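# Residue-level structure breakdown
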Amino acid sequence: MPIPAVTEPSSRSLRPVAHTDGGAPIARASGSSIPDLLRAAHLEPSVVVVVVTAGLAVGVGVGGPRLALLVVAVLSGQLSVGWSNDWIDARQGRDDGRTDKPAAVGSVTQTAVRRAAMGALAVTVVTSVWLGPLPGGLHLVAVAVAWAYNAGLKGTAWSPVSYLVAFGLLPVVVTTTADAGWPAWWAVVAAACFGAGVHAANVLPDLERDRAQGIGGLPQRLGSAGAAAMAVTFLGVGSASALFGAAVRGGQAVGVGAVLGMAVVATLLVGVVASHRAGRPGLAFRLSMATGLLLVGTLVAQGSGLTG
């Protein structure tokens, strides 16, 4: 579902100020080219969310025009969230030397990014309405929560809420789009935990710099050890829910595959802790992402079992 924008760790050099946009000085623009505008949308995580959504949808029987409509709704929602992140953060990003944010360095203007965000949001609203009152309404809630994160929630102790809600709604939107009813509880828990775990893991490489700049999300407030523990806890609970949930709900014996899968997850999470203790936050981040991908893969593989 639309997620609060994720950015990669970056260098902090800054181009000279050369013009203003909406009254606020920003770095010199090189023109609002399409590649720069796409970079401002944080396209990579957007594509991941769309692919995951499509995979879940196909698994529960969504196809044809309805699948295309769902994909357009989710993609436009993701783009609106990514562009709103760069638009809202343009001035702060300039002050902090964020070279990973095109609107901060001026490779696109704030005006261009704002218009792109609002245009994508309009497409999101229209396509969500076409999906139907329940899936469309839930999707718009996810988009609103992600925009709220960009607008200020990310700087508070409540920052994980956006991830828990937006990702937790993902399987609900998919199954209601398929008219298949509500998803299994474990699918919602797994998706929500994935979101919160990724939120914690994403800040690990730059956590101390973030704290020095006054960024006050929950992982930053917890500190390096606390953020690593938060990532491990959420990803561990999410993985266990995805691997064991279906069997527990169906009253079946837990299979060997689930046990082996959890062993792999446990190994990865031990690696996260060991990497953190060794002073290698970048490796801890990558191992966390590998755990998250395994979790998502497990959810997608469940197919129609999401509602069973």
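Structure's up top.
Attention in this report is confined to the structure presented alongside it. (Residues numbered from 1 in each chain as written. Predicted model: local features only at pLDDT ≥ 70, side-chain atom pairs only at ≥ 80, totals over all residues. Heavy atoms only, no water.)

### Brief notes about the overall build of the protein
Secondary structure assignment for the protein yields 13 helices and two strands. Looking at the protein as a whole, 51% of its 308 residues qualify as buried. In the protein, the proportion of contacts linking residues at least 24 apart, taken out of those at least 6 apart, comes to 76%. Approximately 12,400 Å² of the protein is accessible, and the part contributed by carbon and sulfur atoms is 68%. (Helix = DSSP H or I, 4+ residues; strand = E, 2+ residues; numbered from the N terminus. Buried < 20%, exposed > 50% of the residue type's maximum accessible area, 1.4 Å probe, protein only. Contact = heavy atoms within 4.5 Å. Areas by Shrake-Rupley, 256 points an atom, 1.4 Å probe, with all protein chains shown as cover.)

### Quick look at the pattern of salt bridges
Note on pairing: side chains with opposite charge can pair once their charged atoms come close. Within this structure, the stated rule accounts for two salt bridges. Between arginine 209 and aspartate 206 there is a salt bridge, with its nearest N and O atoms 3.1 Å apart. Salt-bridge contacts for aspartate 210 lead to arginine 209; the nearest nitrogen and oxygen are separated by 3.5 Å. A single salt-bridge network, built from bridges that share partners, covers Asp206, Arg209 and Asp210. (Salt bridge = Lys/Arg side-chain N within 4 Å of Asp/Glu carboxyl O.)

### Overview of the environment of glycine 119
Here glycine 119 shows up in helix H6 (residues 110-131). When the C-alpha atoms of glycine 119 and leucine 79 are compared, they prove to be 9.6 Å apart, with 40 residues separating the residues in sequence.

### Focus: unusual backbone geometry
In this model, aspartate 179 sits at a positive phi of 55°, which is unusual for a non-glycine residue. Aspartate 179 sits in the exposed class, given a relative accessible area of 68%.

### Some thoughts on the nonpolar core
Membership of the largest hydrophobic core comes to 49 residues, with the highest contact counts inside it found for Leu56, Phe194, Leu299 and Leu306. Listing elements by their share of this core, those giving two or more residues are helix H2 (43-59), helix H3 (64-88), helix H7 (133-151), helix H8 (159-177), helix H9 (185-202), helix H11 (218-249), helix H12 (256-277) and helix H13 (281-302). At seven residues, H8 tops the list of elements feeding residues into this core. Ala40, Trp83, Ala116 and Trp147 belong to the second-largest nonpolar core, a separate cluster that totals 13 residues. (Core = buried A, V, L, I, M, F, W, Y, C linked by side-chain atoms within 4.5 Å.)

### Section: the packing of H6 against H7
Packed helix pairs are specified by the crossing angle of their axes together with the interaxial distance, meaning the distance between the axes. Contact geometry of H6 with H7 gives a least axis separation of 7 Å together with a crossing angle of 155°. With respect to H7, the axis of H6 lies roughly antiparallel. On the side of H6, the interface is formed by Ala117, Met118, Leu121, Thr124, Val125, Ser128 and Leu131, while H7 contributes Pro135, Gly136, His139, Leu140, Val143 and Trp147. (Axes fitted to C-alpha atoms, helices over the stretch in contact; angles between N-to-C directions. Parallel < 35°, antiparallel > 145°, perpendicular 65-115°, else oblique.)

### Quick look at the side chain of serine 288
Here serine 288 shows up in helix H13. Of the residues examined, serine 288 reaches a relative accessible area of 0% and is grouped as buried. Each residue touching serine 288, except ones within four places of it in the same chain, is listed here: Ala201, Ala231, Leu235 and Val272.

### Regarding H9
For H9, spanning 18 residues, the distance from its first C-alpha to its last is 26 Å, which sits close to the expected 26 Å at 1.5 Å a residue. Of all 18 residues in H9, 15 are buried; the element is thus mostly enclosed. (Expected span 1.5 Å × (residues − 1).)

### As for H7
With 19 residues, H7 should cover 27 Å at 1.5 Å per step; its first-to-last C-alpha distance of 26 Å lies within 8% of that length. Within H7, the full set of buried residues consists of Pro135, Gly136, Leu138, His139, Ala142, Val143, Val145, Ala146, Trp147, Tyr149 and Asn150. Of the surrounding elements, those touching the buried residues of H7 are H3, H6, H8 and H9.

Honestly, that's just the spatial picture; any functional story needs more than this.
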